[in-house]
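Results of the structural survey
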Amino acid sequence: METPTTVMRAYKLRIYPSGAQQKLIERWLGAGRWAWNHALERRQKAYRRRKESVSGVDVSRAITALKKTRRYAWLKAIPSSVVTQRLRDQDKAFAAFFKGDADYPRFKKRHQGQSIRLQLDQRHTKPRAYWLAGEVMVPGLGVVKARGTHPRAFPKMVTLRRDGAGRYFASVMVEEVAPAAKAARGAVGIDLGLAHLATLSSGEKITNGRPYRTARRRLRRAQRALSRQRKGSQRYRRQKQRIARLNARVANTRRDALHKLTRRLIDENQVVCVESLCITGLAKSKLAASVHDAGWGELLRQLRYKAAWAGREVIAIDRFAPSTRRCSACTAIGAKRSLSVRAWTCEACGAEHDRDINAAKNILELGLNELLPAGSGEVMRVEGDTPRLGAAACGRHRRASVEARTWQAIKPCPEQGAVA
Ligand SMILES: [Zn+2]
C-alpha cells in the first residue's frame, strides 16, 4: 500500500496575551521590524553605492557581528529565529519583486500589522501543552490564552501576529498525516470570472457573493466616523477596532464561501484544471477591487493545498492558451471577442456557446492534455458535460487512464503496464 503522506497544516488561533506577554511580543515584533528595515537599508545602500546585491545571508552575518557591540546587545535577548525568518521573508519579497509578481519591498512602520515567526525545537516544550483547550504554549512566552481549533501535534513553527486593530493571533504549523483519500472519478475545468465567481465545465455557474460590496456602505460610514475622532484618543482606538472587525467579517464570509466550493470541487474530482492567472497584474488594473473581492487568489490557494492533501491533481493551463476563442466542440480557433459578447456561434461547426461554459470546457480539455506525455501523438477530448476519469491516474508519469465511453480512448502508461 501507499505510504501515508505528511502535510504541513496551519492552525490559526486568536490569542489573548497577558500584560507581560504583550510586552514581550511587542519587543519581538519590534526586533523583527528592526531586522527588516535594517536589511532593506543595507541592500539599498549597497546597491546605490556599489551596484552590489546583498543577500539575507550576508545581512544575517552582519547582524551576528552587531550583537557583539554594546549598542545592539539587546538583540541577544531576542529569539534568533525572529531575525532570521524576517530576513528570509525579505529574500522572498525580493525574489517576487524581480519575478514581477510583487511591488518593491517597503519599510515597516510601527502601527501596521506585524508578524514574526518562531522556529520551534522539540526540546523546548512538552507537546501535551498544545492539546489543552483555551490555551497554547509559545516558547519564551509560556501558556497564552487562545481561542480556535487546537492542533494535535507538536508545532514546527509559530507565527505571532498583531493586526492593525491591536489583536493578537498565533498561527501554529504542525506536520500531520494526511487522511487517506479515495480517488475521485471526475475531472473539472474552471473558468474564473467576475459576473460569476466560477463557471464549471459541467455548465454550472457559481455566483459571486462579493462580500466587500455588501459591506461597503457600513465600512465607509465607519471610516467617516473615524475621521471625526481625535487621533490617538480612546474613541479613535475603539472606532479603529470596529473597522478592523468589519474587515475581518468581510474576509471571513469570503473565505467560508470559497472553502465550501473548493471542498466540493476536490471531493468530486481527481483532476481540477484552472487558468494560470497573473493575479498581481490584475490586482493593479481597474478591476482590482472586484478581483480581490471575488477572491481568485484565495480560491487557487485553497484548491492547491486541498489537492495536495487529498492526492488530487491541479493543472494550471498556459496563461496564453486560447481558452475563450477556441470552440470546445470542434477545436477551431475563432475570432477575438470582446468581453461583452456572452454567447456566440462557431463559424466552423455551428455549435452555439455560452462564453464562460465554453471557456471552462476548453480549460478542462487543455488541462487534461497536459497529463499526456509530450509527443505521444494522442489527444484527449471531452465529450459530454461530465467526463469521468478511470480509477486512477498514474501520478509518476503524469498520465491519466480514461474511460472510453465518454472519452476517446487513451492507451495505458507504457512504463506502468496495465491501467490501474
Ligand atoms: Zn466549432
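What counts as what
- Residues numbered from 1 in each chain as written.
- Predicted model: local features only at pLDDT ≥ 70, side-chain atom pairs only at ≥ 80, totals over all residues.
- Heavy atoms only, no water.
- Donors = N, O, S within 2.8 Å, 3.2 Å for Na, K, Ca; no water.
- Tetrahedral: all angles 85-135°; square planar, octahedral: opposite > 155°, others 65-115°.
- Helix = DSSP H or I, 4+ residues; strand = E, 2+ residues; numbered from the N terminus.
- Pairing = 2+ DSSP bridges.
- Axes fitted to C-alpha atoms, helices over the stretch in contact; angles between N-to-C directions.
- Contact = heavy atoms within 4.5 Å.
- Phe/Tyr/Trp six-rings, centres within 6.5 Å; stacked < 30°, edge-to-face > 60°.
- Buried < 20%, exposed > 50% of the residue type's maximum accessible area, 1.4 Å probe, protein only.
- Lys NZ or Arg CZ within 6 Å of the ring centre and 35° of its normal.
- Expected span 1.5 Å × (residues − 1).
- Salt bridge = Lys/Arg side-chain N within 4 Å of Asp/Glu carboxyl O.

Another aspect to go through is the coordination of the zinc ion. Looking at the metal site, the zinc ion is ligated by Cys327 (SG), Cys330 (SG), Cys346 (SG) and Cys349 (SG), spaced 2.3 to 2.4 Å from it. Here the zinc ion binds four donor atoms, and the angle range of 108 to 111 degrees at the metal identifies the geometry as tetrahedral. Counting the intervening residues between successive donors of the zinc ion yields the motif C-x2-C-x15-C-x2-C. With a gap of 16 residues between them, Cys330 in the loop between β11 (313-317) and β12 (343-345) and Cys346 in the loop between β12 and β13 (352-354) connect regions that are remote in the sequence.

Let's shift gears to the sheet that holds strand β1 (residues 6-16). Strand pairs in the sheet, formed through backbone hydrogen bonds, run parallel or antiparallel to each other. The sheet built from six strands is open, its strands ordered β2-β5-β6-β1-β4-β3 with antiparallel pairing. The sheet terminates laterally at β2 (114-119) and β3 (135-138), the two strands that pair on one side only. Going from strand to strand, the sheet's axes swing by 40 degrees on average, the running direction of each strand aside. As paired elements, β1 and strand β6 (residues 168-177) share ten bridges and run antiparallel to each other. Residue pairing across strands places Ala10 opposite Met173, the latter belonging to β6. Each of β2 and β5 (155-162) touches helix α3 (residues 80-99); the most contacted strand, β2, lies at about 115 degrees to it.

Let's shift gears to the packing of aromatic side chains. All told, the structure shown has six aromatic pairs when counted by the stated rule. Taking 5.4 Å as the distance between ring centres and 40 degrees as the angle between the ring planes, the aromatic pair formed by Trp34 and Tyr72 counts as tilted. Pair noted here: Trp34 is in helix α1 (residues 19-50) and Tyr72 is in the loop between α2 (56-66) and α3, with a separation of 38 residues, a long-range link. Tyr72 shares its class with Trp34; the two are buried. Plain terms: the ring middles of Trp34 and Trp74 are 5.6 Å apart, the flat faces sit at 80 degrees to each other, and that makes the pair edge-to-face. Placement of Trp34 in helix α1 and of Trp74 in the loop between α2 and α3 is noted, with a sequence separation of 40 residues between them. Using a relative accessible area of 19% as the deciding quantity, one classes Trp34 as buried. Ring pairs connect the aromatic residues Phe94, Phe97, Phe98 and Tyr104, which therefore count as one cluster. Residue placement shows Lys108 over the ring face of Trp36; its charged tip is 4.5 Å from the ring centre.

Taking 1.5 Å of rise per residue, 32 residues should cover 46 Å, and α1 covers 46 Å from first to last C-alpha, within 8% of that figure. Note on α1: the residue one or two positions beyond its end, Lys51, has a positive phi of about 55 degrees.

Applying the stated rule across the entire model yields 13 salt bridges. One salt bridge connects Arg86 with Asp89, and the closest N-O pair in it is separated by 2.7 Å. Within this pair, Arg86 and its partner Asp89 are both found in helix α3, separated by three residues, close to a single helical turn. Given the relative accessible area of 9%, Arg86 is considered buried. Across the pair Arg326 and Glu365 runs a salt bridge, and its minimum N-O distance is 2.9 Å. In this pair, Arg326 is assigned in the loop between β11 and β12 and Glu365 in helix α9 (residues 355-369), connecting sequence segments 39 residues apart. Grouping residues by exposure puts Arg326 and Glu365 together as buried. A network of salt bridges, in which partner residues are shared, links Arg86, Asp89 and Arg117.

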